[in-house]
Structures are given as structure tokens and as C-alpha cells.
Amino acid sequence: MWALCIGALVFVSITHWLYRWRNPRCNGKLPPGSMGLPLLGETLQFFAPNTSSDIPPFIKNRMKSYGPIFRTSLVGRPVIISTDPDLNYFIFQQEGQLFQSWYPDTFTEIFGRQNVGSLHGFMYRYLKNMVLNLFGPESLRKMLPEVEQVARARLRQWSSQDTVELKEATATMIFDLTAKKLISYDQEKSSENLRENFVAFMEGLISFPLDIPGTAYHKCLQGRERAMKKLKNLLQERRANPRKEQSDFYDYVLKELQKEGTILTEAIALDLMFVLLFASFETTSVAITLAIKFLSENPLVLKQLTEEHEAILKNRENVHSGLTWREYKSMTYTFQFINETARLANIVPGIFRKALRDIQFKGYTIPAGWAVMVCPPAVHLNPAKYEDPLAFNPSRWKGLETNCASKNFMAFGGGMRFCVGTDFTKVQMAVFLHCFLTKYRWQAIRGGNIVRTPGIQFPNGFHVRIIKKDATHEST
């Protein structure tokens, strides 16, 4: 009898729990959608690999079923997904008031509990200003000759090789430059390869969060641990042997740490350094690789872009002089090209926030504490805003502002969290394209296919042969 009663109680409890899982409490009307399986939610579907250049199937299928705003559950958290431009804009404008930056626990485990993306208010603004000290317009103006010098040297090196895997090669180039500016790190003079700890990061960052040996997520966490140990050792060495003059970002950080009453801690500084190293090379190398892939597939765009850069050389008094800031700012079509590359690349598949209180929008209620994911691909590939959205057409940006976020373009974030590294990324891309297109041709050898999980990957790389334009080899 008792066993029957206990069994009935367990059955009723499980049934009630399942009902509550599928029908969460809400002081209003929740957006339509499905919460998926208990605890797991729709996580497996979200992370399922796809090769589409269109809106990810997970998002597209639910847009058809539920509309532009819907609910789901990912990695154990209830999430409202927005493909609605008005809601996206509202979320960015209400940062710090109704919403705050938020990312899943798995994300903060990788980037650190005190990474810049997880901080708010004054502390976030303080770190943002620190980063602008390195990547602001004045610093980039001074950095321009070095960026060009590095690009020319690497291209010269690659042209002497039979083939180059472009994603890996550009990632190494950008990492080495950024690490030099941040921590005076020189791979050739170091006993260990710092970048190796970051190699599996993009794959592990946006992957199923299973911390078991052999999984991408586990490799990601191991890489972080090794990289943080190296960064901490470097910081301690610099503290023990301070430099007389500030020469890199570490010197600036140490100066801030030593100020009386500083709010900066060593843990925050190390997490910031870690994020800057990763973000600077991974996203930019993906963008450059995709840019060359798009140029390979669009000869008319290649012709127009090449003409713009060759015109810069023709208009110089000294053709052998370096690129100037004025010349960089004159690259009108190049900036259109970069925006179009970013629009179709959709390197960041989702931007997360958390509702600070119950929020009413278009008849729906977003409950306090729920996560909200803005979906850039759904915005960038919206046929109502972009004619023939899957076509690569840089000229669609003609006459439009190419250096800010809007309701219909958020490749570099939006609101007060517009990516502070945007200008650095554009400098890297524009200078690399200038050096590449004016002096070299290339031939695609193999690879170039893309897989999204939902982060973008090149499973077979993108192997090219780089040929100097005055060489006698033939190229396509």
C-alpha cells in the first residue's frame, strides 16, 4: 500500500515537473516556442552542425513555426530568441536599465568570471577605456606602419611556399602582432608557443558544454588554464622587473594596478588580457579568410577592389612609401567590402543579455532573469532589408554609414557594448588586402568549405597558392 502511494506521489511529482518545464510561470504571455527535453532543452539541435550560408536551420525553422520572437531552453537556461529588429534595438538601447550583458556559465568558465563581457556599469566603462588606450584611433594611426610591415613580410614568406592554409596563417600573423603590442611576446624568442593554447578555442567556445576528456569544450578549458598560467607568470616577471618607459599594454596595466584606490585587480587584468588576445586574432582571421574566399568567387568585386588599391599606389609621389592614415581612410569600397564580408560571415551567431525585470514587448512578456539572445544572422539575411541577401554585393553599402551599428547591422555588436576592437579589425583587414591585392595573386587549391556549429569553422582549412604578380607563374 505504502509502495503504491509513494509510486503515485513520484508519478504526480514528475508529471507536475514536466508540465512546469514545458509551461514556465510567467506574469503575462510568454512568446511561443518549445522548451525541449527536461534539463537538456533544445541544446543538441542548437549546436547541430550545418553547412548553410543562410539563417541557421535551428533559427529559421522556429521563425516559420513561431514568428520572429520565440522561447527555447539552451544549456539548462530558459532563453528568448529575438530575430525582430525592433526588439534587438530595444535590448541594446536598454543596456544597464532593463537588460544586462549575460553569457552562459560555460562561456564564463572559458573567458573567466571577471571577463569584460560579464562586467557591468562603471567597471565595464573603465575597462573599455583601458582597451581604447590600445585600440583607439590615435594608437591605430601610430600602429599602421607596423601592421603594413608585418603583412608584407608574411605575404613574402607565404609566396615562397607551395601552399598556405590561409586561416591558420592569418591567425598566427595577427596573434603575433597583438601579443607583441599587449605583452611584448615574441614567439621566436619564447620557449613555449602561447598561441597553441588558443587553437581549439573557437571550436570549444561555442560547442556543447561537456567537460569530458576528448571533447572540444574540455580542450578549450585546458587551453585556458595553460594560457592563464603563462600570462600570470609574465605579469609577475614584469612586476619584478618594471620598465622605465611604457612600451606595451602590460606596462599600462601595471601602472593602473599600482595606483592608490584602483578598482583594477590582477584577476580582472589577466582575464582582460586573455580575452583581448583571443578576440583579436580569431575573429579577424576568420573574416580575412572569408574575404579571400568571397573574392575568389566574385571576380568583378575583386577587380573593383584591386583598382581602388592600385589607384592609391598610382597617386603617390613615391610608390615605395608606406601606407598613410589618409590613404587608409580613403578606402571607400574597401570598407563597403569589409561590411559585406561581416554581414555574410555572421561570425558571432548570438549576442546574449539577461532581463533585469519583467518586460512587456509587442504583447509578450520577457520574464525577469530569463536570457535573451539577439540573432544577428536573422537580421543580416532578412530579405525585407537586404535585396537578394545571400548574394555578395559590397555596393549595397554605397552611401550608407559603414562604421556603426543599426537595427539592420550588428556584426560588431550594438549599443554601449559596440565592439571596441572594431577599428583594429578594420585596419588589419584593409591593410592586409592592400598589401595582398597590389602585389600578389592567388590560386585556391583545396578546402574553403564552411561548417557552423553554430560558430564558423573551416574543417578542411582554405589552402591557397600565393604568387607574386611579377612572377611568371599562371594563377586564377
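Anything mentioned here points back to the structure above.
Residues numbered from 1 in each chain as written. Predicted model: local features only at pLDDT ≥ 70, side-chain atom pairs only at ≥ 80, totals over all residues. Heavy atoms only, no water.

Trainee: I would appreciate a short explanation of the overall build of the protein in the present structure.
Mentor: Summing up its helical and strand segments, the protein has 17 helices and twelve strands in all. Taken across its 476 residues, the protein has 52% of its residues classed as buried. Expressed as a percentage of contacts within the protein between residues at least 6 apart in sequence, the contacts between residues at least 24 apart total 70%. (Helix = DSSP H or I, 4+ residues; strand = E, 2+ residues; numbered from the N terminus. Buried < 20%, exposed > 50% of the residue type's maximum accessible area, 1.4 Å probe, protein only. Contact = heavy atoms within 4.5 Å.)

Trainee: Explain the environment of Arg 446 to me, please; I cannot follow it from the model alone.
Mentor: Position of Arg 446 relative to the elements: it lies in strand S9 (residues 440-447). On the basis of relative accessibility, which here comes to 47%, the residue Arg 446 falls in the partly exposed class. Separated by 281 residues in the primary sequence, Arg 446 and Glu 165 place their C-alpha atoms 9.3 Å from one another.

Trainee: It is not clear to me how the sheet that holds strand S4 (residues 164-165) should be interpreted in this structure. Could you clarify?
Mentor: Pairing between the strands of a sheet is mediated by backbone hydrogen bonds and can be parallel or antiparallel. Taken together, the three strands give an open sheet; going across it, the order is S4-S12-S9, and neighbouring strands pair in antiparallel fashion. At either end of the open sheet lies a strand with only one pairing partner, and these are S4 and S9. When S9 meets strand S12 (residues 462-468), the two strands line up antiparallel, connected through seven bridges. Its bridge partner being in S12, Gly 447 is matched across the sheet by Phe 462. Across the sheet, helix H7 (residues 137-159) touches S4, S9 and S12, and the angle it forms with S9 is around 60°. (Pairing = 2+ DSSP bridges. Axes fitted to C-alpha atoms, helices over the stretch in contact; angles between N-to-C directions.)

Trainee: Could you clarify how one ought to interpret H7 in this entry?
Mentor: Residues spaced three or four apart along an α-helix face the same direction, because each turn holds 3.6 residues. A rise of 1.5 Å per residue sets the reference length of H7, with its 23 residues, at 33 Å; its end C-alpha atoms lie 32 Å apart and thus fit the reference within 8%. For H7, the full list of buried residues reads Leu 140, Met 143, Leu 144, Glu 146, Val 147, Glu 148, Ala 151, Arg 154, Leu 155 and Trp 158. (Expected span 1.5 Å × (residues − 1).)

Trainee: What exactly am I supposed to notice about the pattern of salt bridges here?
Mentor: Once their charged atoms are close, side chains differing in charge can pair, the charge on each being opposite to the other. Enumeration over the complete set of coordinates arrives at 23 salt bridges. With a closest N to O distance of 2.7 Å, Glu 95 and Arg 353 form a salt bridge. Of this pair, Glu 95 sits in the loop between helix H4 (85-93) and strand S3 (99-101) while Arg 353 sits in strand S5 (residues 351-355), and the two are 258 residues apart along the sequence. Across the salt bridge formed by Lys 180 and Glu 146, the nearest N and O atoms sit 3.4 Å from each other. Pair noted here: Lys 180 is in helix H8 (residues 166-183) and Glu 146 is in helix H7, with a separation of 34 residues, a long-range link. Since its relative accessible area comes to 47%, Lys 180 is described here as partly exposed. When salt bridges with common partners are traced through the structure, they connect Asp 84, Asp 86, Lys 362 and Lys 407 into a single cluster. (Salt bridge = Lys/Arg side-chain N within 4 Å of Asp/Glu carboxyl O.)

Trainee: Even after reading the chapter, I still don't get unusual backbone geometry, so can you show me in this structure?
Mentor: Most peptide bonds take the trans configuration, and most residues that are not glycine carry a negative phi. Of note, Asn 346 is a non-glycine position whose phi angle comes to about 45°, a positive value. A positive phi angle is found at Asp 388, which is not glycine, with a value near 50°. Counting through the fold element by element, Asp 388 comes out in the loop between helix H16 (376-380) and helix H17 (422-439). Residue class for Asp 388 comes out exposed when judged on its relative accessible area of 51%.

Trainee: What is the right way to read the side chain of Arg 353 from this model?
Mentor: For Arg 353, a relative accessible area of 3% corresponds to the buried category. At 2.7 Å, the side chain of Arg 353 and the side chain of Glu 95 are in polar contact. (Polar contact = N/O pair within 3.5 Å; in protein donor to acceptor, adjacent residues only side chain to side chain.)

Trainee: So what exactly am I meant to see when it comes to helix H11 (residues 249-258) here?
Mentor: Of all ten residues in H11, eight are buried; the element is thus mostly enclosed. Of all the residues in H11, the buried ones are Phe 249, Tyr 250, Asp 251, Tyr 252, Val 253, Leu 254, Glu 256 and Leu 257. Two to three positions downstream of the cap, the backbone nitrogen of Tyr 250 sits 3.1 Å from a side-chain oxygen, assigning the N-cap of H11 to Asp 248.

Trainee: Would you explain the packing of aromatic side chains in this entry?
Mentor: A complete count under the given rule lists 19 aromatic pairs for this structure. Residues Tyr 328 and Phe 335 carry aromatic rings whose centres are separated by 5.3 Å and whose planes lie at 90° to one another, so their mutual orientation is edge-to-face. For the pair shown, Tyr 328 and Phe 335 are each scored as buried. With a centroid separation of 6.2 Å and an interplanar angle of 50°, the aromatic rings of Tyr 386 and Trp 397 are classed as tilted. Of the two residues, Tyr 386 is situated in the loop between H16 and H17 and Trp 397 in the loop between H16 and H17; the sequence distance between them amounts to eleven residues. Accessibility expressed as a relative area gives 8% for Tyr 386, which makes it buried. With relative accessibility at 5%, the residue Trp 397 sits in the buried group. (Phe/Tyr/Trp six-rings, centres within 6.5 Å; stacked < 30°, edge-to-face > 60°.)

Trainee: How should I be thinking about the pairing of strand S8 (residues 371-374) in this particular structure?
Mentor: Taken residue by residue, a regular strand's side chains alternate between the two faces of the sheet. Across the two faces of S8 the burial is the same, with Ala 371 and Met 373 and Val 372 and Val 374 all buried. Bridging between strand S2 (residues 77-82) and S8 involves four bridges; their strand directions are parallel. Paired with Ile 81 across the strands is Met 373, a residue of S8. Where S5 lies against S8, four bridges are found, and the strand directions are antiparallel. Considered in S8, the bridge of Arg 353 is made with Val 372.

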